[in-house]
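Spelled out from the first residue to the last, the chains are:
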Amino acid sequence: MAKSKILVVDDDPDLVKALRLRLRANDYDIATATDGYSAIASAQKDRPDLIILDLGLPVGDGFVVLDRLQSSNQLSNIPVIVLTARDPQNNEDRAIKAGAAAFFQKPVDNDELLNVI
């Protein structure tokens, strides 16, 4: 059986490295992107089963990425978990309304994140 593929979109290399290690240890295949533009390109190319998305990104923030994913017939069915340092009071409802399946604030509890995945 093929592993589920997760696209991790974040511009913090340490966080990306930590998530990659944790997710690979749980038998997921990982792709990464560091900005909004490459997130969309990678989603189109890799067709991940899930996207973990930061909101604070260069070249199109997370809300731009959510909007592009939702407006694409091929990508709108991919669940997105938002993982951000931004204030949840101003961003959680907006992210869910924009199509996110879940919202986590950094630093995330790894077990909670894995349960949602």
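For the structure given in this document, a descriptive report is provided here. (Residues numbered from 1 in each chain as written. Predicted model: local features only at pLDDT ≥ 70, side-chain atom pairs only at ≥ 80, totals over all residues. Heavy atoms only, no water.)

**Looking at the overall build of the protein chain**
- A count of helices and strands for the protein chain gives five helices and five strands.
- For the protein chain, the N- to C-terminal ordering of α and β elements is β-α-β-α-β-α-β-α-β-α.
- Projecting the C-alpha coordinates of the protein chain onto the three principal axes gives extents of approximately 35 × 30 × 25 Å.
- For the protein chain, the accessible surface area stands at approximately 6,400 Å², while carbon and sulfur atoms represent 44% of it.
- Looking at the protein chain, you have 13 positive and 18 negative side-chain charges, and the mean spots of the two groups are 6 Å apart. (Helix = DSSP H or I, 4+ residues; strand = E, 2+ residues; numbered from the N terminus. Areas by Shrake-Rupley, 256 points an atom, 1.4 Å probe, with all protein chains shown as cover. Lys, Arg positive; Asp, Glu negative; His and termini not counted. Charge placed at Lys NZ, Arg CZ, Asp CG, Glu CD.)

**Re the side chain of Asn 91**
- Mapped onto the fold, Asn 91 is located in helix 4 (residues 88-97).
- Here Asp 87 takes part through its backbone oxygen, which lies 2.9 Å from a polar atom of the side chain of Asn 91.
- Look past the residues within four positions of Asn 91 in its chain and what remains in contact with it is Leu 55, Phe 63, Arg 86 and Phe 103. (Polar contact = N/O pair within 3.5 Å; in protein donor to acceptor, adjacent residues only side chain to side chain. Contact = heavy atoms within 4.5 Å.)

**Notes on the pairing of strand 5 (residues 102-105)**
- Bridge count for strand 4 (residues 80-84) against strand 5 is four bridges, and the pairing is parallel. In the strand pairing of strand 5, Ile 81 is matched with Ala 102.
- For the handedness criterion, the β-α-β arrangement of strand 4, helix 4 and strand 5 is classed as right-handed. (Pairing = 2+ DSSP bridges. Right-handed = clockwise from strand over helix to strand, strands pointing away.)

**Observations regarding the nonpolar core**
- Counting 22 residues, the largest nonpolar core has Val 9, Ile 51, Leu 53 and Leu 69 as the members making the most contacts within it.
- In terms of residue count, helix 3 (residues 62-70) provides more of this core than any other element does, four residues in total.
- Counting 17 residues, the second largest nonpolar core, distinct from the first, contains Leu 19, Leu 50, Leu 83 and Leu 113. (Core = buried A, V, L, I, M, F, W, Y, C linked by side-chain atoms within 4.5 Å. Buried < 20%, exposed > 50% of the residue type's maximum accessible area, 1.4 Å probe, protein only.)

**Details of the packing of aromatic side chains**
- Tallied over the entire structure, the rule returns zero aromatic pairs.
- Sitting above the plane of the Phe 63 ring, Arg 94 keeps its charged end 3.6 Å from the centroid. (Phe/Tyr/Trp six-rings, centres within 6.5 Å; stacked < 30°, edge-to-face > 60°. Lys NZ or Arg CZ within 6 Å of the ring centre and 35° of its normal.)

**Brief notes about helix 4**
- The backbone nitrogen of Gln 89 has a side-chain oxygen 3.0 Å away, supplied by the residue at the start of helix 4, namely Asp 87.
- After helix 4 finishes, the residue Gly 99 shows a positive phi value of roughly 120°.

**Remarks on unusual backbone geometry**
- A cis amide bond links Lys 106 with the next residue in sequence, Pro 107, at an omega value of -10°.
- Examined against the element boundaries, Pro 107 turns out to sit in the loop between strand 5 and helix 5 (110-116).
- At Asp 27, a residue that is not glycine, the phi angle is positive and equals roughly 70°.
- Its identity as a non-glycine residue notwithstanding, Val 59 has a phi of 55°, on the positive side.
- Position of Val 59 relative to the elements: it lies in the loop between strand 3 (50-53) and helix 3.

**Quick word on the pattern of salt bridges**
- Inspection of every chain in the model, using the stated rule, returns five salt bridges.
- Close ionic contact of Asp 10 with Lys 106 constitutes a salt bridge, the shortest N to O distance being 2.7 Å. In this pair, Asp 10 is assigned in the loop between strand 1 (5-9) and helix 1 (13-25) and Lys 106 in the loop between strand 5 and helix 5, connecting sequence segments 96 residues apart.
- Here Asp 54 and Lys 106 are joined by a salt bridge, their closest N and O atoms 3.4 Å apart. (Salt bridge = Lys/Arg side-chain N within 4 Å of Asp/Glu carboxyl O.)

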